[in-house]
Amino acid sequence: MIASCQLNRLASKRRGGVLVLLAIMLPLLLLMSTYAINVAYVESVNTDVQIATDAAVQAAGRAYIETADENAALAAAQDAASRNPINGVTMPIVMRDLEFGISQRRNLSGRYNFTPVSGGALGNAVRMTTRSVNEAATPILKPIFPTMGTTLEIRPIRSAVSTQSTMDVALVIDRSGSMAYASDESSAGGMNPPRSAPPGWDFDQPVPPNARWLDMVVSVNEFAKYLRDS
């Protein structure tokens, strides 16, 4: 009976010790958990900032090449940033975040190297660096949880370059008499006129309605439209 009472007292003391340990460790575990979540959130924000930067500089690069206007490039970058908010926050972009220059490479397998230009010289590339985000007076992006005395500011500095390279496209077109025939019509020999040719038609006249030439014209126009739109 006495031994049983002693065991009950020991068990009661152990339970009390575990409660004290939990009371001490729980705040520490909570602090460590919030810090880990904040660190993971910062990495996620850094990725989102890079995505927004890539989208903004692509828009700026295209506007710059099409208009040769730096202000138009800035407006395009700001519009792209507004379409790619970071957890509900639009990344600010001002002119000092953009650099205009020339991107060149030494060979077809090499990387493009960006060189800024000045004095209003026209280049073929735009480089964007998130200075407005990194150097803001107060952080634009904030952690999820309070940092509890630790310094954890989200000031990502990300950079991206948009290079608009030039390309020559040559179309080699058949202008021979066979182009006057329909696509399903044999032009062998070239002595008989196309089936759709009007009476008295000759090869020095406009092609008949079903001529391959007209199919080619439609194809070239579609290809040209694709180049304009892309």
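Colleague: Where do I start with the pattern of salt bridges in this structure?
Modeller: It is possible for side chains bearing opposite charge to pair when their charged atoms get close. This model, assessed by the stated rule, comprises eight salt bridges. Between E99 and R127 there is a salt bridge, with its nearest N and O atoms 2.8 Å apart. Here E99, found in strand β1 (residues 98–104), pairs with R127, found in strand β3 (residues 125–129); they are 28 residues apart in sequence, far enough to count as distant. The partly exposed category is assigned to R127, whose relative accessible area is 23%. The salt bridge partner of E99 is R131, with a shortest N-O separation of 3.8 Å. You can see E99 sitting in strand β1 and its partner R131 sitting in helix α3 (residues 131–134), a full 32 residues away along the chain. Classification of R131 as partly exposed rests on a relative accessible area of 23%.

Colleague: Please clarify how unusual backbone geometry should be interpreted in this entry.
Modeller: Negative phi values dominate among residues other than glycine, just as trans dominates among peptide bonds. For A68, which is not glycine, the phi torsion reads 60° and is therefore positive. Looking at where A68 falls in the secondary structure, it is placed in the loop between α1 (2–67) and α2 (70–82). Accessibility expressed as a relative area gives 46% for A68, which makes it partly exposed. Even without being glycine, N87 reaches a positive phi, approximately 50°. Topologically, N87 is positioned in the loop between α2 and β1. Of the residues examined, N87 reaches a relative accessible area of 48% and is grouped as partly exposed.

Colleague: Is there a simple way to think about the nonpolar core in this case?
Modeller: Side chains of nonpolar character tend, in soluble globular proteins, to be buried together. V45, I86, M91, I93, V126 and M128 are the most contacted members of the largest nonpolar core, which totals 26 residues. Only α1, α2, β1 and β3 provide two or more residues apiece to this core. I86 has contacts with V45, D48, V49, A52, M91 and L141, leaving out every residue within four places of it along the chain.

Colleague: What is the right way to look at the sheet that holds β1 in this model?
Modeller: Spatially, the four strands line up as an open sheet ordered β2-β1-β3-β4, and their pairing is antiparallel. Because the sheet does not close on itself, it has two edges, and the strands there are β2 (113–116) and β4 (159–163). Neighbouring strand axes in the sheet, compared pairwise and without regard to direction, differ in orientation by 35° on average. Pairing of β1 with β3 involves four bridges; the strand directions are antiparallel. Residue pairing in the sheet places G101 in a bridge with A125 of β3.

Definitions and limits used
Residues numbered from 1 in each chain as written. Predicted model: local features only at pLDDT ≥ 70, side-chain atom pairs only at ≥ 80, totals over all residues. Heavy atoms only, no water. Salt bridge = Lys/Arg side-chain N within 4 Å of Asp/Glu carboxyl O. Helix = DSSP H or I, 4+ residues; strand = E, 2+ residues; numbered from the N terminus. Buried < 20%, exposed > 50% of the residue type's maximum accessible area, 1.4 Å probe, protein only. Core = buried A, V, L, I, M, F, W, Y, C linked by side-chain atoms within 4.5 Å. Contact = heavy atoms within 4.5 Å. Pairing = 2+ DSSP bridges. Axes fitted to C-alpha atoms, helices over the stretch in contact; angles between N-to-C directions.

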